[in-house]
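Remarks on the overall topology
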Amino acid sequence: MTNRYYITTPIYYVNDKPHLGHAYTSVACDAIARYMRLDGREVKFLTGTDEHGQKVEKSAKNAGIPPQAFVDEVSEHFREMGQVLQLTNDDFIRTTEVRHRDAAQAMWKRLEAAGDIYLGSYAGWYATRDEAFYQESELVDGKAPTGAEVEWVEEPSYFFRLSKYTQPLLDFYAANPDFILPESRRNEVLSFVKGGLKDLSISRTTFEWGVPVPGDSKHIMYVWLDALTNYFTASDGFWPADLHMVGKDILRFHAVYWPAFLMSAKMELPKRIFAHGWWTIEGEKMSKSIGNVVAPAHLVEKYGLDQTRYFLLREVPFGSDGNFSRRAMFDRINADLANNIGNLAQRTLSMLAKNCGEAVPMRDDSKLLEQDKVLMDLVQVTDVEGAAKARDQMERCKFAEVIGAVLSMASAANEYIDREAPWTLKKTDPARMHTVLYHLAEAIRCIAIMLQPFTPDAASKLLDQLAVPQDRRMFCHLTPEFALVPGTALPKPEGVFPRLMADAA
Ligand code: ME8
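Calculation rules
Residues numbered from 1 in each chain as written. Predicted model: local features only at pLDDT ≥ 70, side-chain atom pairs only at ≥ 80, totals over all residues. Heavy atoms only, no water. Helix = DSSP H or I, 4+ residues; strand = E, 2+ residues; numbered from the N terminus. Rg over C-alpha atoms; globule rule 2.2 N^0.38 Å. Buried < 20%, exposed > 50% of the residue type's maximum accessible area, 1.4 Å probe, protein only. Contact = heavy atoms within 4.5 Å. 1 Å grid on protein atoms, 1.4 Å probe; cavity = no way out; pocket = protein on both sides within 12 Å on 5 of 7 lines; lining within 4 Å. Points joined across faces, edges and corners; volume = space filled by probe spheres on them. Nonpolar A, V, L, I, M, F, W, Y, C, P; charged D, E, K, R; others polar. Arc of directions from axis to C-beta. Phe/Tyr/Trp six-rings, centres within 6.5 Å; stacked < 30°, edge-to-face > 60°. Lys NZ or Arg CZ within 6 Å of the ring centre and 35° of its normal. Expected span 1.5 Å × (residues − 1). Pairing = 2+ DSSP bridges. Axes fitted to C-alpha atoms, helices over the stretch in contact; angles between N-to-C directions.

1. A short note on the overall build of the protein
Secondary structure summary: the protein contains 18 helices and 15 strands in total. Computed over the C-alpha atoms, the radius of gyration of the protein is 26 Å, within 12% of the 23 Å expected from 2.2 N^0.38 for a compact globule of 505 residues. Judged by the C-alpha coordinates and their principal axes, the protein covers about 90 × 45 × 40 Å. Looking at the 505 residues of the protein, the share that counts as buried comes to 58%. A separation threshold of at least 6 residues defines the contact pool for the protein, and within that pool the share at least 24 residues apart is 78%.

Here it is as structure tokens:
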């Protein structure tokens, strides 16, 4: 394992405002980025906006604004989404930046130097919505397989010798079975490539909004060649990427075209592409015409930031499609966050405040019971190497499993509090009450450390309430060596994860 970790979101088209789907991908990447930092890794987390191409040019025209002014404005909405979701991206790339134009042209020259670019002419179907070329045989009822409208395009065009990379790609997939996840998606890519790849048109001459082809400025670089290069433009010494996170809609561009470009350019390939599933809203496709587009800021305002992040990552196994419904959100927040973690914290912290002099209680180590040890074994770790218990699962984006394990720790702590009944011990055996509350506080410390990637606000509030110093909140601090110190003064408790009332659904 190298100590560096480079993760990227897709760069989003600036034809429209951010919605739940964009928030989803970004929050997933943010959780991984935070996790890797807590695991002591040096992380680069990149996001940004894809600002060239016909689709964006058209949107600017429809808005009656010059393209540059238009992309400046819409890109800002994506930056704002990052603030609303408290994304911890280290960089935000815009493809209209000079650093990117230069990098895209340099990439073109590399492909050219490899002898992989030739001039020809393209005659075929193009879907502006997807910014993709389609074969006649792929069309369904005269439309792209994605449902996008297609138009007939005939123009001079440079081509990339994609066909040459059919076998090298198949060899690469075979040698790197985890390159494309999840497996079902990998199989789709494999059968597509096995069908044989055709050379790819990589320039257009019928519009202007893009990066000019070096040495032939009548041609504009195909927006996907331009866009994919962003991951390298902003890599800052972190190349190759450890993970490109994408939605399943754009897997082919990332798992076929991008690796072929990189092979041609004689550059290292990314380690992994993960294609996640698709969200519908209350059972319907999200669309402007239906009027059901969910704005991330709206969710955060209504349900809370942690709650929104939590729902997105926990509700469906990552990779599968999901359906957003207010009912599901409501139930999930109450069941997992309010009733489980919130309840555990509330019961424990209020007893600490009332019965332990607002300090971490004393524990009597000479009288530890089996159940105390069982709880500690569950939440603490004994060796630092194993501190990030879910490192492999996180690298494979198994969020629901990772979160599920933390929740079952909270359930175990709730069972412990019920069984030990410290409120009864208060009268019968105050010393034992202190020992029990100590173990509960320590369990919450560990649980809060592990929750940080997913519900960062609430996790840091919990750690504040247990007076855990800022520099002792990483996974390596889950060992007994860093356990709470009896006698440490605690601030006043405040609730985390309040129950949602029925009318909030
Ligand atoms: O494709 N469910 O940009 P884009 C889940 N610029 N995820 C969704 C979603 C939904 N309903 N809707 C959107 C582009 N997404 C290109 C990418 S990368 C070099 C260039 C997410 O604005 C998902 O991650 O259309 C999807 O892949 C991405 O937004 C598409 O964003």
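After that view of the structure, there is still more to cover.
2. Focus on the layout of surface pockets
Approximately 320 Å³ is the volume found for the second largest pocket. Taken together, 15 residues line the second largest pocket, and the ones lying closest to its centre are Tyr5, Asp242, Lys271, Arg272 and Glu395. Taken together, the residues that form the lining of the second largest pocket break down as 7 nonpolar, 2 polar and 6 charged.

3. Brief notes about helix H13 (residues 370–379)
Residues three or four positions apart in an α-helix share a direction because the helix packs 3.6 residues into each turn. Those residues of H13 that sit buried are Asp372, Leu375, Met376 and Val379. Along the axis of H13, the buried residues cluster in a sector spanning 95 degrees; they form a single face. Facing away from the buried side of H13 by more than 90 degrees, the exposed set consists of Glu370 and Asp377. Where H13 is buried, its residues meet helix H15 (399–420) and helix H17 (430–451).

4. A word on empty space enclosed by the protein
Applying the stated criterion across every chain, the model contains 1 cavity of 30 Å³ or more. Every residue lining the largest cavity is listed: Leu349, Leu352, Ala353, Glu358, Gln465, Leu490, Pro491 and Pro493. A total of 3 residues in the lining of the largest cavity trace back to one element, the largest contributor, which is helix H12 (residues 326–355). Residues that form the lining of the largest cavity fall into these classes: 6 nonpolar, 1 polar and 1 charged.

5. Regarding the environment of Ala174
Mapped onto the secondary structure, Ala174 falls in helix H5 (residues 166–175). With a relative accessible area of 57%, Ala174 lands in the exposed category. Taking the C-alpha atoms as reference, Ala174 lies 35 Å from Val406; in sequence the two are 232 residues apart.

6. Side note on the packing of aromatic side chains
Scanning the entire structure with this criterion turns up 25 aromatic pairs. Aromatic pair Tyr173 and Phe179: ring centres 6.3 Å apart, planes at 20 degrees, arrangement stacked. In terms of burial, Tyr173 and Phe179 fall into one category: buried. Look at Phe232 and Trp239: their rings are 5.8 Å apart centre to centre, the planes differ by 85 degrees, and that puts the pair in the edge-to-face class. Since its relative accessible area comes to 26%, Phe232 is described here as partly exposed. Connected via pairs of aromatic rings, a cluster forms that spans Tyr24, Phe274, Trp279, Phe311, Phe318, Phe324 and Phe399. Sitting over the ring of Tyr126, Arg204 keeps its end group 4.4 Å from the ring centre.

7. Thoughts on the side chain of Glu57
Structurally, Glu57 is set in helix H2 (residues 54–63). Discounting residues that sit within four places of it in the chain, Glu57 has contacts with Phe207, Glu208 and Trp209.

8. Brief notes about helix H3 (residues 67–84)
Between the first and last C-alpha of H3 there are 26 Å, a value that for 18 residues agrees with the 26 Å anticipated at 1.5 Å per step. Along H3, the positions that sit buried rather than exposed are Phe70, Val71, Val74, Ser75, Phe78, Met81 and Gly82. Projection of H3 onto a plane perpendicular to its axis shows the buried side chains occupying an angular sector of 125 degrees, all on one side. Each element contacted by the buried residues of H3 is listed here: strand S1 (4–13), helix H1 (20–38), strand S2 (42–50), H2, strand S3 (91–94) and helix H10 (296–303).

9. Details of the sheet that holds strand S11 (residues 216–221)
Note: strands within a sheet are paired through backbone hydrogen bonds, in either parallel or antiparallel orientation. Strand order in the open sheet formed by 3 strands is S9-S11-S10, with antiparallel pairing between adjacent strands. Looking at strand neighbours, the two that pair on one side only are strand S9 (203–204) and strand S10 (212–213), the edges of this open sheet. Bridge count between S9 and S11: 2 bridges; the pairing is antiparallel. Opposite Arg204, over in S11, you have Ile220 as the bridge partner. Relative to S11, helix H4 (residues 98–113) is tilted by about 100 degrees, and along the sheet it contacts S9, S10 and S11.

10. Observations regarding the sheet that holds S1
Within the open sheet, the 6 strands sit side by side as S3-S2-S1-S12-S13-S7. Their pairing is parallel. On the outer flanks of this sheet lie S3 and strand S7 (180–181), each paired with one strand and no other. Where S2 meets S3, 4 bridges bridge the pair, whose relative direction is parallel. Bridge assignment links Gly48 to a residue of S3, and that residue is Ile93. H1 rests against S1, S2, strand S12 (243–247) and strand S13 (273–276) of the sheet, and its axis sits at about 170 degrees to S1.

Nothing here speaks to function; it is geometry throughout.
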